[in-house]
Amino acid sequence: MRRPGSTAAVACLVAVTGILLAGCSDQPTEALSKLAHLAAGDHPGASLLPPVVSGVDGGIVDSSLRRLTEHDGTSFWVGVTNDDRVCFIAESGDTQAECVEAERFGARGATLEVGEPGQRFWLHTEYMTVGAGWTSIAPNIAVRD
């Protein structure tokens, strides 16, 4: 025989347990949510090999990697790390990466110096404004003039 309210108590316990478990998740959820504000890009496959990014603490989540564009022989990629950071990656002869906290990326994006000294590339979200001194080369990527 069921006591009145036992179904509601069980439902409440299941909901609270789900919330607690979600809060303890080791998934880079905030960083992954930032990628939703970028162009789709191309995921690695048989004809598109992912960049090798060494020295990134936490490791990059393979399924998050995607190439956003290629410009003057440099491929620009984005991915997230297991420790919830967004990485802006440039691959030409060598590979460079700038990995920033998800909150910082959401506020300012990420930049990399690639090629000529002083030539900076900016990975920005759809709601950031490309201002004077920057030229868009692809959705979400601008180069410093």
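My aim in this report is to walk through the structure given alongside it, one point at a time. Treat the numbers as computed from the prediction; the structure is a model and nothing was measured. (Residues numbered from 1 in each chain as written. Predicted model: local features only at pLDDT ≥ 70, side-chain atom pairs only at ≥ 80, totals over all residues. Heavy atoms only, no water.)

Remarks on unusual backbone geometry
- Phi at Asp72 takes a positive value of approximately 50°, unusual for a residue other than glycine.
- Take Asp72: it is sitting in the loop between β1 (66–71) and β2 (74–80).
- Here the phi dihedral of Asp84 falls at roughly 70°; this positive angle occurs in a residue that is not glycine.
- Within the fold, Asp84 resides in the loop between β2 and β3 (85–91). (Helix = DSSP H or I, 4+ residues; strand = E, 2+ residues; numbered from the N terminus.)

Section: the pairing of strand β6 (residues 120–123)
- Sheet analysis places strand β5 (residues 110–113) next to β6, joined by 4 bridges and oriented antiparallel. By the bridge assignment, Thr111 is partnered in β6 with Trp122.
- Connecting β5 to the antiparallel partner β6 that follows it, the hairpin turn spans 6 residues, and Gly115 within it adopts a positive phi of roughly 80°. (Pairing = 2+ DSSP bridges.)

So, the pattern of salt bridges
- In total, this model carries 4 salt bridges according to the counting rule given.
- When the shortest N-O distance is used, the salt bridge between Arg67 and Asp42 registers 3.5 Å. Taken together, the residues Arg67 in strand β1 and Asp42 in the loop between α2 (29–35) and β1 connect sequence positions 25 residues apart.
- When salt bridges that share partners are traced, they join Asp42, Arg67 and Glu70 into one network. (Salt bridge = Lys/Arg side-chain N within 4 Å of Asp/Glu carboxyl O.)

A closer look at the side chain of Asn140
- Within the secondary structure layout, Asn140 lies in the loop between β7 (134–138) and β8 (141–144).
- Setting aside its immediate chain neighbours within four residues, Asn140 contacts His37, Leu38, Ala39, Trp122, Leu123, His124, Thr125 and Glu126. (Contact = heavy atoms within 4.5 Å.)

With respect to the side chain of Thr81
- The topology assignment puts Thr81 in the loop between β2 and β3.
- Side-chain polar atoms of Thr81 contact the side chain of Asp83, separated by 2.3 Å. (Polar contact = N/O pair within 3.5 Å; in protein donor to acceptor, adjacent residues only side chain to side chain.)

Regarding the sheet that holds β5
- On the basis of which strands lie adjacent, the open sheet formed by 4 strands has the order β5-β6-β8-β7 and antiparallel pairing. At either margin of the open sheet sits one strand with a lone partner, and together these are β5 and β7. Geometrically, the sheet is characterised by an average inter-axis angle of 30° between neighbouring strands, direction not taken into account. (Axes fitted to C-alpha atoms, helices over the stretch in contact; angles between N-to-C directions.)

Side note on the packing of aromatic side chains
- Using the criterion set out here, one finds 3 aromatic pairs in the structure.
- Between Trp122 and Trp134, the ring centres sit 5.5 Å apart and the planes meet at 50°, which makes this aromatic pair tilted. Of the two residues, Trp122 is situated in strand β6 and Trp134 in strand β7; the sequence distance between them amounts to 12 residues.
- Ring-pair connections join several aromatic residues into one group, and the members of that group are Phe76, Phe88 and Phe121. (Phe/Tyr/Trp six-rings, centres within 6.5 Å; stacked < 30°, edge-to-face > 60°.)

Here we look at the state of the cysteines
- One pass over the full model with this rule turns up 1 disulfide.
- One disulfide bridge connects Cys87 with Cys99, the sulfur atoms lying 1.9 Å from each other. Residues Cys87 and Cys99 are joined through a disulfide that is right-handed, its torsion about the S-S bond being 110°. Placement of Cys87 in strand β3 and of Cys99 in strand β4 (residues 95–101) is noted, with a sequence separation of 12 residues between them. By the burial criterion, Cys87 is buried, and Cys99 matches it. (Disulfide = S-S within 2.5 Å. Buried < 20%, exposed > 50% of the residue type's maximum accessible area, 1.4 Å probe, protein only.)

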